[in-house]
Amino acid sequence: MGNWIINHGLTSFILVVWMGINIFLFVWFYLLYDLEDRFFYTRHLLGSALAWARAPAAVLNFNCMLILLPVCRNLLSLLRGSFVCCGRSMRKQLDKNLSFHKLVAYMIALMTAVHMVAHLLNVEWYNNSRQGVYDKLSTALSNLEDAENTTYLNPIRTTDINLQQIPTYFVFTTIAGLTGVIITLALILIITSSMEVIRRSYFEVFWYTHHLFIIFFAGLVFHGAGRIVRGQKETDPPYNFTYCKDHIDEWGKNPECPIPQFEGGFPQTWMYVIGPMVLYLCERVLRFIRYMQTVQYRKIVMHPSKVLELQLLKNGFKMEVGQYVFLNCPAISQLEWHPFTMTSAPEEDFFSVHIRSAGDWTDKLIDIMQQLPEGAQGPKMGVDGPFGTASEDVFDYEVSMLVGAGIGVTPFASILKSIWYKFKESNPKLRTRKIYFYWLCRETHAFEWFADLLLVLEKEMEERGMGDFLTYKLYLTKWDQNHAFFMRVHSDEDTDIVTGLKQKIYYGRPAWDKEFEQVRKENPTSVVGTFLCGPEALGKVLEKKCVKYSDVDPRKTKFYFNKENF
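Now for a quick tour of the structure. The structure displayed is predicted, hence computed values, not measured ones.

1. Considering the sheet that holds strand S3 (residues 296-303)
So, point 1. What the three strands build is an open sheet, ordered S3-S4-S7; its pairing is antiparallel. In the strand order of this sheet, the two ends are held by S3 and strand S7 (351-356), each with one partner. The sheet shows a mean angle of 20° between the axes of neighbouring strands, taken without regard to direction.
So, point 2. Pairing of S3 with strand S4 (residues 307-313) involves seven bridges; the strand directions are antiparallel. When the sheet's bridge partners are listed, Lys299 is paired in S4 with Gln311.

Written out as structure tokens, the structure reads:
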């Protein structure tokens, strides 16, 4: 339990608070509409569906207020910088912004479904009451006249069309009904296109449909303007429901039973979402300003395994290790922005990214760059960023475990380059005294573009007598028989036949229990930061190992898990 609290305590506390607010809002508004006197007659027409429609609406307002905040990248970077003096656990929460964004989206989807079903029942019961299907009181309430069209109870006012068509007519001709349909359709498209299989295989579909959020929020702001859920106006003296509900003939004749007057509630959704919408608008304006700034190509390099390296220059651009940028190439798409971790170090006078062929956008970009004449400038490139990630905190730990899978090595390229510069300049601020680096790849070619940096580091550490500072292990997770035979033939050589490094490639996957046990043994009193840029499945494994091998005793080894999220 102590180990779990170290790695998950604050995250769980935040989720409990969020869920507690949701539950409180649901229960509070359910009881409000289920018990309050001014909704007595409304409940008579609609029953419990009234409370089941309004309680989810309150939860929706709260979550629609939150949904945009985790994707305000500049705001998160600003907050992350503000938390430098705070604990690392607080900064870790900002790195889980997309997970929280998804969680809020699931809550919105659930509450929308409940809200929609309840209101569909409400429309049907409103219509039946209007047609006199139910009791005398329901019919009387539905037939209340209102010359100014403001104090009625039943919002279905049309009766001169086919009875079966009235609910459909109502849904598509009222503000609440029409915006509800639009909001629901937009939400369905956004959620279905966000599924992992679509996002990974058809990113463009995900990207474009996600921008339906503009229609979603526009509909949301106007949705409550229809005021179809109505409560009774207060009277002096207070209205006597107990007596008046059974004496309809006395309405307007008996002073105790004036003709009931009703009004819709003031629209509140816009008050919840206006702040986040303004923040997000500022975010998009800032992104546009950055897009308009000139970006020059310093160097364009094609590496093996269809990995493209872009070295770029931009005035005033400052970065930290492990940060990422969003790139936009108008020659491919005016709207699409894709995240890439920078592989350069802050000490360099340029910034670089390595782009692997992984979809239509990256394939088109690589094709464009391959067709350029040697030394030519590439197409216009928009750059938004840099933005902070978990890897920024790597130098806050005395000991760090860096785990990269495939192209996921990119943030660690930046870190290792920065370490090389710090050693070269004898930087006294370098707190880190030990780094364990693991790189998992499916093919040998993937090692080639990064091996040069490891060679330089290997030589630098030896010259300074710090051979123990960096321990690195490269793992090949997929190979054929020909490769295995080739490696056996050259097994006696001093350096690896593929990378040229003294540390030879391992075959298979790391035995993580053995690795964590070894790190704990070598660093019995250290706080170890474990950083991953790789698949979710590997993240779950490493997260469990961090919990398993952390010691509750503050004087002994503790592992903190950090994962890159895009």
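2. Overview of the sheet that holds strand S13 (residues 527-533)
So, point 1. Strand order across the open sheet formed by six strands is S12-S11-S10-S9-S13-S14, with parallel pairing between neighbours. With one partner strand each, in any of the chains shown, strand S12 (506-507) and strand S14 (558-563) form the two edges of the open sheet.
So, point 2. Pairing between strand S10 (residues 434-441) and strand S11 (residues 470-476): seven bridges, direction parallel. Note on S11: the bridge partner recorded for Leu440 is Tyr475.
So, point 3. The sheet strands contacting helix H19 (residues 512-522) are strand S9 (399-405), S10, S11, S13 and S14, and the helix crosses S10 at an angle near 170°.

3. Thoughts on the nonpolar core
So, point 1. With 56 residues, the main nonpolar core has Tyr41, Ile108, Leu141, Phe216, Phe217 and Trp251 as its most contacted residues.
So, point 2. It is helix H3 (residues 49-66) that contributes the most residues to this core, nine residues altogether.
So, point 3. In this structure, Val394, Phe412, Cys441 and Phe469 belong to the second largest nonpolar core, which totals 28 residues.

4. Some words on the state of the cysteines
So, point 1. Here the structure, examined in full by the defined rule, presents one disulfide.
So, point 2. Here Cys244 is linked by a disulfide to Cys257, with a sulfur-sulfur distance of 2.0 Å. Disulfide Cys244 to Cys257: torsion about the S-S bond roughly -90°, handedness left-handed. Placement of Cys244 in helix H13 (residues 241-244) and of Cys257 in the loop between H13 and strand S2 (262-264) is noted, with a sequence separation of 13 residues between them.
So, point 3. Under the relative-accessibility criterion, Cys244 is labelled buried at 0%.
So, point 4. The buried category is assigned to Cys257, whose relative accessible area is 0%.
So, point 5. A disulfide-free cysteine, Cys72 has its sulfur positioned 9.1 Å from the sulfur of Cys282, the nearest such atom.
So, point 6. Exposure remark for Cys72: the relative accessible area of 1% places this residue in the buried category.

5. Focus on H19
So, point 1. Regarding H19, the residues found buried are Trp512, Glu515, Phe516 and Val519. Within H19, the buried residues cover an arc of 95° as seen down the axis, which keeps them to one side. Across H19 from its buried face, at more than 90 degrees, point the exposed residues Lys514 and Lys521.
So, point 2. On its buried face, H19 sits against S9, S10, S11, S13, helix H20 (536-549) and S14.

6. Thoughts on the packing of helix H9 (residues 175-192) against helix H12 (residues 213-223)
So, point 1. With their axes 9 Å apart at the nearest point, H9 and H12 run at an angle of 155° to one another. When the axes of H9 and H12 are compared, the pair comes out roughly antiparallel. For the pair H9 and H12, the sense of crossing is left-handed. Facing H9, whose interface residues are Ile175, Ala176, Thr179, Gly180, Ile182, Ile183, Ala186, Leu187 and Ile190, H12 presents Phe213, Ile215, Phe216, Gly219, Leu220, Phe222 and His223.
So, point 2. Here the residues of the contact of H9 with H12 are counted per class, giving twelve nonpolar, four polar and no charged.

7. A word on a positive patch on the surface
So, point 1. A cluster of basic residues, Arg356, Arg442, Lys478 and Arg509, forms a positive patch at the surface.
So, point 2. Mapped onto the secondary structure, Arg509 falls in the loop between S12 and H19.

8. Remarks on the pairing of S7
So, point 1. Burial analysis of S7 places five of its six residues in the buried class, which makes it a mostly covered element.
So, point 2. As defined by bridge partners, S4 adjoins S7 across six bridges and the pair is classed as antiparallel. Its bridge partner being in S7, Leu308 is matched across the sheet by Ile355.

9. A few points about a nonpolar patch on the surface
So, point 1. A contiguous nonpolar patch, built from Met19, Ile23, Val27, Leu31 and Leu35 and spanning about 440 Å² of accessible area, is present on the exposed surface.
So, point 2. With respect to the helices and strands, Ile23 occurs in helix H1 (residues 2-35).
So, point 3. Ile23 gets classed as partly exposed once you look at its relative accessible area, which sits at 48%.

10. Digging into the packing of aromatic side chains
So, point 1. Tallied over the entire structure, the rule returns 28 aromatic pairs.
So, point 2. Look at Tyr30 and Trp52: their rings are 5.5 Å apart centre to centre, the planes differ by 75°, and that puts the pair in the edge-to-face class. Within this pair, whereas Tyr30 is found in helix H1, its partner Trp52 is found in helix H3, the two being separated by 22 residues in sequence.
So, point 3. The exposure class of Trp52 is partly exposed, given its relative accessible area of 39%.
So, point 4. Directly above the ring of Phe326 sits Arg73, whose terminal nitrogen or CZ lies 3.5 Å from the centroid.
So, point 5. Above the face of the Tyr152 ring, Arg230 is positioned so that its terminal group lies 4.0 Å from the ring centre.

About the thresholds
Residues numbered from 1 in each chain as written. Predicted model: local features only at pLDDT ≥ 70, side-chain atom pairs only at ≥ 80, totals over all residues. Heavy atoms only, no water. Pairing = 2+ DSSP bridges. Helix = DSSP H or I, 4+ residues; strand = E, 2+ residues; numbered from the N terminus. Axes fitted to C-alpha atoms, helices over the stretch in contact; angles between N-to-C directions. Contact = heavy atoms within 4.5 Å. Core = buried A, V, L, I, M, F, W, Y, C linked by side-chain atoms within 4.5 Å. Buried < 20%, exposed > 50% of the residue type's maximum accessible area, 1.4 Å probe, protein only. Disulfide = S-S within 2.5 Å. Arc of directions from axis to C-beta. Parallel < 35°, antiparallel > 145°, perpendicular 65-115°, else oblique. Left-handed = near helix turned anticlockwise from the far one by under 90°. Nonpolar A, V, L, I, M, F, W, Y, C, P; charged D, E, K, R; others polar. Patch = residues over 30% accessible without salt bridge, like charges linked within 9 Å, V, L, I, M, F, W, Y side chains within 5 Å. Areas by Shrake-Rupley, 256 points an atom, 1.4 Å probe, with all protein chains shown as cover. Salt bridge = Lys/Arg side-chain N within 4 Å of Asp/Glu carboxyl O. Lys, Arg positive; Asp, Glu negative; His and termini not counted. Charge placed at Lys NZ, Arg CZ, Asp CG, Glu CD. Phe/Tyr/Trp six-rings, centres within 6.5 Å; stacked < 30°, edge-to-face > 60°. Lys NZ or Arg CZ within 6 Å of the ring centre and 35° of its normal.

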